[in-house]
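Below are the chains, spelled out letter by letter.
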Amino acid sequence: MTIPRETMPPKRHELPPLFESLGTHLRDGLRQVVARLPIEPPSFVLARVLDRVLLPRLAHDTRQALQGRTVELVISDLGIRVRLQLDYAGFRVASSRGEAELRILAPANSYIRLMRGEDDADRLFFERALVMEGDTELGLILKNALDAIGPLLTWPGRPA
Amino acid sequence: MQGILTAHHDAINSTPNSANSPYAPDSRIRNNAAPPAWLITMDAAVTTNATTRPAVKPELVCPAGSLRALQMAVDAGADAVYLGLKDATNARNFAGLNFDDTQVRAGVAYAHARGARVLMALNTFADARDTRPWFGAVDTAATMGADALIVADTAVMAYCRDHHPKLRLHLSVQASATSYEAIEFYRRHYGIQRAVLPRVLTLSQVAHLARLSMVDIEVFGFGSLCVMVEGRCALSSYVTGQSPNNAGVCSPPSAVRWQHTPSGVDARLNGVLIDHYGPDEPRGYPTLCKGRFDVAGERGYAIEEPTSLNTLAILPELISIGVKAIKIEGRQRSPSYVEQVTKVWRTAIDSACAAPQRYSVQPAWSATLTRFAEGQQHTLGAYDRPWR
């Protein structure tokens, strides 16, 4: 059936201004270099951050659902990849080999907006700014847990 | 803490019974009398009656998938929020979503303290093998102080009528009642006081129902569209073995798989490819009805495109025909969606009621709603059928 619609013009992902100011050639080259770097250092840093900002606020059932599952986050515009697993003590760096049970691909800006509680994951998916691969149910548990908790990141001077 | 919450709740529980409240007791309700003959005879005869009913400000009913979403909806100006429990008794049964008993109690206290009402969605069909979760959820809603239940199954309605006669019943969209006779059946037998209309009626059909119906009429204002016979759609069960009316989800997340490929994203439901999104194509929810298929040699949306309903453009008409409540879809969405969409609708409803003649859809409202729309586009859906 034909239904009149109002369509939004296609929108580019909002990249961090610094990265966007680089030329395409330089940006792609940088991304390739970063993608070859080992995943351990950024994974370690993120694990420590999440231990502080996320772990104490995770509900018991969510913690159980995430326990022992490998989640890979790909920051698609920067080429950074991190792999994490939650165990009884907290978040830790997961092995870089084998398939992750859940893989999330999104540009840096999408992650920042989600962690600041400013955006909706479904909207980012509709807008092509987020893709989730693997165990969708696990992804949904994570998404809903983050939604229920509220912003993990706040700018100085802003209430959480 | 417990004592404070309870006392508080009792204090504000009395508000919905005030004469100005849309929840004020109505003598027409819960009597088994047949409607007067003029109501069911000729349309022309009731038009006269309709003109005597003053238009009232419709209640803005917003979704809450979490306590945080509930708080943001209330703060953004929702008159009522609707929520469900963490099980198959409601039609948004997603992992990690919804409320446990403690959260329902806290949510009711938060809403009531700010003059907002809490409606509990109990809108799936009870499992014949074990009805206890559904009847138990009715008891929970009554204990926790919910202002109304949104129900679809006659067994659940009968249980509520018999065990909690004071608890208000709203007929869920999942019951798919589209005619005066169907709504009247539920009113006479179970005492429903409001019917949520499926998103398949034209504006004039909604007006007809709002004129005739003895109960309040609620319509969807914004959110993802369902074009099927809601509550009776078994389309997804062909692929997943589950359907919305018993499992509470169209596409169980455990059956959904997205695969990023160089040419875009594949969406699969239980292994079946239901769509392939090119790099520049907007995306929608992974339901069979919104997939693209090869039909008679052509690939396209066979049933419905991913799009969101948006009725801002006809808001003054909805109010003038006597629609009593406007619902925003999206308990599965994030609190930021709930907050921003609620703000737009609060402003729009206030503006349409304050000066209907001067009402116009503000570009900023449309921009916000389109940003959140499924497939990045919105439609008036069945309300407006220009070919008729």
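Residues numbered from 1 in each chain as written. Chains lettered and ligands numbered in written order. Predicted model: local features only at pLDDT ≥ 70, side-chain atom pairs only at ≥ 80, totals over all residues.

(A) Broad picture of the overall build of chain B. Helices and strands together make up the secondary structure of chain B, namely 14 helices and 15 strands. Out of the 388 residues belonging to chain B, those deemed buried represent 50%. Expressed as a percentage of contacts within chain B between residues at least 6 apart in sequence, the contacts between residues at least 24 apart total 65%. (Helix = DSSP H or I, 4+ residues; strand = E, 2+ residues; numbered from the N terminus. Buried ≥ 20, exposed ≤ 12 C-beta atoms within 10 Å, placed from the backbone. Contact = placed C-beta atoms within 7 Å.)

(B) The arrangement of the overall build of chain A in detail. Helix and strand counts for chain A come out as seven helices and six strands. For chain A, the succession of helices and strands along the chain, N to C, is β-α-α-α-α-β-β-β-β-α-α-β-α. Counting the 160 residues in chain A, one finds 35% classified as buried.

(C) Quick look at the sheet that holds strand β8 (residues 256–261) of chain B. All names here are of chain B. Ordered in space as β8-β9-β10, the three strands form an open sheet in which the pairing is antiparallel. The open sheet has two edge strands with one neighbour each: β8 and β10 (272–277). The mean inter-strand angle of the sheet, taken between neighbouring strand axes irrespective of direction, is 20°. Where strand β9 (residues 264–269) lies against β10, five bridges are found, and the strand directions are antiparallel. Counted as the bridge partner of D266 is H276 from β10. (Pairing = 2+ DSSP bridges. Axes fitted to C-alpha atoms, helices over the stretch in contact; angles between N-to-C directions.)

(D) Region of interest: the packing of helix α4 (residues 67–75) of chain B against helix α5 (residues 101–113) of chain B. Residue and element names in this part refer to chain B. Between α4 and α5, the least distance of the axes is 10 Å, while the angle of their chain directions is 10°. For the element pair α4 / α5, the angle class is roughly parallel. Touching L67, L70, Q71 and V74 of α4 are Q103, A106, G107, Y110 and A111, all from α5. (Parallel < 35°, antiparallel > 145°, perpendicular 65-115°, else oblique.)

(E) Spatial organisation of the domain arrangement of chain B. Residue and element names in this part refer to chain B. Examined at the domain level, chain B breaks down into domain 1 (2–225 + 308–383) and domain 2 (241–301). Across the contact, 15 residues belong to domain 1 and eleven residues belong to domain 2. Looking at the side of domain 1 that touches domain 2, its residues break down into five nonpolar, seven polar and three charged. (Domains from an automatic or database assignment. Nonpolar A, V, L, I, M, F, W, Y, C, P; charged D, E, K, R; others polar.)

(F) Broad picture of the confidence of the model for chain A. All names here are of chain A. Summary statistics for chain A give a mean pLDDT of 83 and a share of 82% for residues scoring 70 or more. Per-element mean pLDDT across chain A ranges from 51 in strand β1 (residues 5–7) up to 95 in strand β5 (residues 102–106). Counted against residues more than four places away or in other chains, residues 8–15, with its pLDDT under 50, gives 13 contacts. (pLDDT = per-residue confidence, 0-100.)

(G) Geometry of the nonpolar core. Residue and element names in this part refer to chain B. By size, the foremost hydrophobic cluster in this structure holds 137 residues, and its most contacted members are A73, V81, L122 and L149. For this core, the element with the most residues is helix α13 (residues 335–354), which contributes eight residues. Of the domains in this structure, domain 1 (2–225 + 308–383) and domain 2 (241–301) are the two that each give at least three residues to this core. In this view, L149 contacts M120, L122, V138, A141, C160, L167, L169 and H170; residues no more than four positions away in its chain are not counted. (Core = buried A, V, L, I, M, F, W, Y, C linked by C-beta atoms within 7 Å.)

(H) Geometry of the sheet that holds strand β6 (residues 131–134) of chain A. Residue and element names in this part refer to chain A. Within the open sheet, the five strands sit side by side as β4-β3-β2-β5-β6. Their pairing is mixed. The open sheet terminates on both sides in strands that have one partner only, identified here as β4 (90–93) and β6. When strand polarity is set aside, the average angle formed by the axes of neighbouring strands in this sheet is 25°. As paired elements, strand β3 (residues 80–87) and β4 share four bridges and run antiparallel to each other. Within the sheet, the bridge partner assigned to Q85 lies in β4 and is R92.

(I) Examining the interface of chain A and chain B more closely. Contacts between chain A and chain B engage 32 residues on the former and 38 residues on the latter. Those elements that place two or more of their residues in the side of chain A that touches chain B are β1, α6 (121–126), β6 and α7 (136–149) of chain A. Considering each element in turn, the side of chain A that touches chain B owes the most residues, eight residues, to α7(A). Of the residues belonging to the side of chain A that touches chain B, the class tally is 14 nonpolar, six polar and twelve charged.

(J) View of the environment of A94(A). Residue and element names in this part refer to chain A. Position of A94 relative to the elements: it lies in the loop between β4 and β5. Looking at A94, the number of C-beta atoms within 10 Å reads 24, which means it is buried. In this structure A94 touches T70, R83, L84 and Q85, once residues within four positions along its chain are discounted.

(K) Quick peek at the packing of α13(B) against helix α14 (residues 363–372) of chain B. Residue and element names in this part refer to chain B. In the contact formed by α13 and α14, the axes pass within 10 Å of each other and the chain directions differ by 150°. On the basis of the axis angle, α13 is roughly antiparallel to α14. For the pair α13 and α14, the crossing hand works out as left-handed. For the pair formed by α13 and α14, the contact residues are Y337, Q340, V341, V344 and A348 on the first element and W365, T368, L369 and F372 on the second. Taken together, the residues of the contact of α13 with α14 sort by class into seven nonpolar, two polar and no charged. (Left-handed = near helix turned anticlockwise from the far one by under 90°.)

(L) View of the environment of S336(B). Take S336(B): it is sitting in helix α13. For S336(B), a count of 22 C-beta atoms within 10 Å puts it in the buried group. Each C-alpha atom, one on S336(B) and one on A73(B), is 9.4 Å from the other, the two residues being 263 residues apart in sequence. Non-local contacts of S336(B), meaning those with residues more than four positions away in its chain, are made with G117(A), E118(A), D119(A) and D120(A).

(M) Fine view of the pairing of strand β14 (residues 325–328) of chain B. Residues and elements named next belong to chain B. Burial along β14 is two-sided: A325 and K327 facing one way and I326 and I328 facing the other are all buried. As paired strands, strand β7 (residues 216–224) and β14 are joined by four bridges and run parallel to one another. Bridged to F222 within β14 is I328.

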